[in-house]
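Coordinates in review
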Amino acid sequence: MDISLSGPPTVPADLTCVEICAGAGGQALGLERAGFTHEALVELDADAVTTLRANRPRWNVVLADARTVRAEVLRPAGGRPDLLAAGVPCPPFSQAGRQLGAADERDLFPTLLSLAAQLRPAAVLIENVKGILQAKFTSYRAAVLEELSAQGYLASWRLLRACDYGVPQLRPRAVLVALQPEAFHRFRWPEPTACPETAPTVGTVLYESMASRGWELAGQWAAIAAHVAPTLCGGSRKHGGADLGPSRARLAWAKLGVNGSSVADEPPAPGTSLPVRLTVAQMALLQGFPAGWTVSGRKTSAYRQVGNAFPPPVAEVVGRRIAAALAQVGTTTDGCIPQAPLTGKSASGSTSRP
């Protein structure tokens, strides 16, 4: 089951994008669907680079550490990109990563901000875990916004849940969008595209795969799994393996008839009993990737790529709104609903601007 959106807004032709920390391509795929052409994608993990090149041979994928890549490598055609996007590492702000923030060596917000200063994109898009919206990181977020303001941008944070955009997974994510003032005042955050009554569930999305080898319990399992999944936990190079997360997450998966202690090599065969394990390909479907998207590397590496991805449908809806805001620059303001800044210390719906 391919989870995607339809009815794109009118957007400028030939929108360009540069992305760092591209991973398995979830954000890149969503932005491609939103009308952006990638000039360059930077990724340090060799398996993820293979994934990107296997699925999009025409993409300019750069195997490099984003902290050392030169700006001119990211704009081979010259000029400046319309969008600079990044799914910067989450461990500095996640509980699993001990929430060290700027003290964590994996914090790449400074790298992203430095590249923004060099590339001067019309827009910036950053995705991270919801932990960054906690009160303990208020000063950190303020510093990010201050730097973006110094570069001429207005910016807004928002907590978006993947399940509100047709993905059968909770997956709340903090998203930051920065635009130059005129475009920012025309930018509107996407409204939910799915409702609980019609949203895809784990069972509906994975039934075909579960039944592909003749498993006689596929229908029974799909009925048990007729709910939205908990958030996939991809882990990091330092922590996390090929399992579905800590004990609390595994208990949530168990209620869906899923054994979260390990990852399966292939869908269940006849005679397999419940609960059943998921494959990497099945988890990619739960993340919103299309069925044909291949993930390279051994099991742990492949699962980590999928588990850490930004769901393509969510990246798509945000990308469409960014594209629409850029398309309106220089036009009449009639009917425009500008962004209203909110202040708050909690993650729920918090937004900020300089």
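Residues numbered from 1 in each chain as written. Predicted model: local features only at pLDDT ≥ 70, side-chain atom pairs only at ≥ 80, totals over all residues. Heavy atoms only, no water.

A look at the pairing of strand β7 (residues 172-179)
Summarising burial for β7: eight of the eight residues are buried, a large majority. Burial along β7 is two-sided: the face carrying Pro172, Ala174, Leu176 and Ala178 and the face carrying Arg173, Val175, Val177 and Leu179 are both buried. Looking at chain direction, strand β5 (residues 123-129) and β7 are connected through seven bridges and run antiparallel. What sits directly across from Asn128, in β7, is Ala174. As paired strands, strand β6 (residues 154-161) and β7 are joined by eight bridges and run antiparallel to one another. Each bridged residue has a counterpart across the sheet, and for Leu154 the counterpart in β7 is Leu179. (Buried < 20%, exposed > 50% of the residue type's maximum accessible area, 1.4 Å probe, protein only. Helix = DSSP H or I, 4+ residues; strand = E, 2+ residues; numbered from the N terminus. Pairing = 2+ DSSP bridges.)

Let's talk about the sheet that holds β6
If you walk across this open sheet you meet the seven strands as β3-β2-β1-β4-β5-β7-β6, and the pairing is mixed. Of all the strands in the sheet, just β3 (61-63) and β6 have a single pairing partner and so form its edges. Taken over all neighbouring pairs, the strand axes of this sheet differ in orientation by 15 degrees on average, direction set aside. Pairing geometry for strand β1 (residues 15-20) and strand β4 (residues 83-86), over four bridges, is parallel. The residue bridging Glu19 from the neighbouring strand is Ala85, located in β4. (Axes fitted to C-alpha atoms, helices over the stretch in contact; angles between N-to-C directions.)

Some details on the side chain of Arg173
Counting through the fold element by element, Arg173 comes out in strand β7. Arg173 gets classed as buried once you look at its relative accessible area, which sits at 10%. Leaving out residues up to four positions away in the same chain, Arg173 has contacts with Glu127, Asn128, Val129, Arg158, Leu159, Leu160 and Thr231. (Contact = heavy atoms within 4.5 Å.)

Overview of the nonpolar core
Counting 38 residues, the largest nonpolar core has Leu206, Trp221, Trp253 and Leu278 as the members making the most contacts within it. Of all elements in the fold, only α1 (26-33), α2 (46-55), α6 (202-210), α7 (218-224), α9 (280-286) and α10 (299-307) reach the threshold of two or more residues within this core. Counting residues per element, this core draws most heavily on α9, which supplies five residues. Leaving out residues up to four positions away in the same chain, Leu206 has contacts with Trp221, Leu278, Gln282, Leu285 and Leu286. (Core = buried A, V, L, I, M, F, W, Y, C linked by side-chain atoms within 4.5 Å.)

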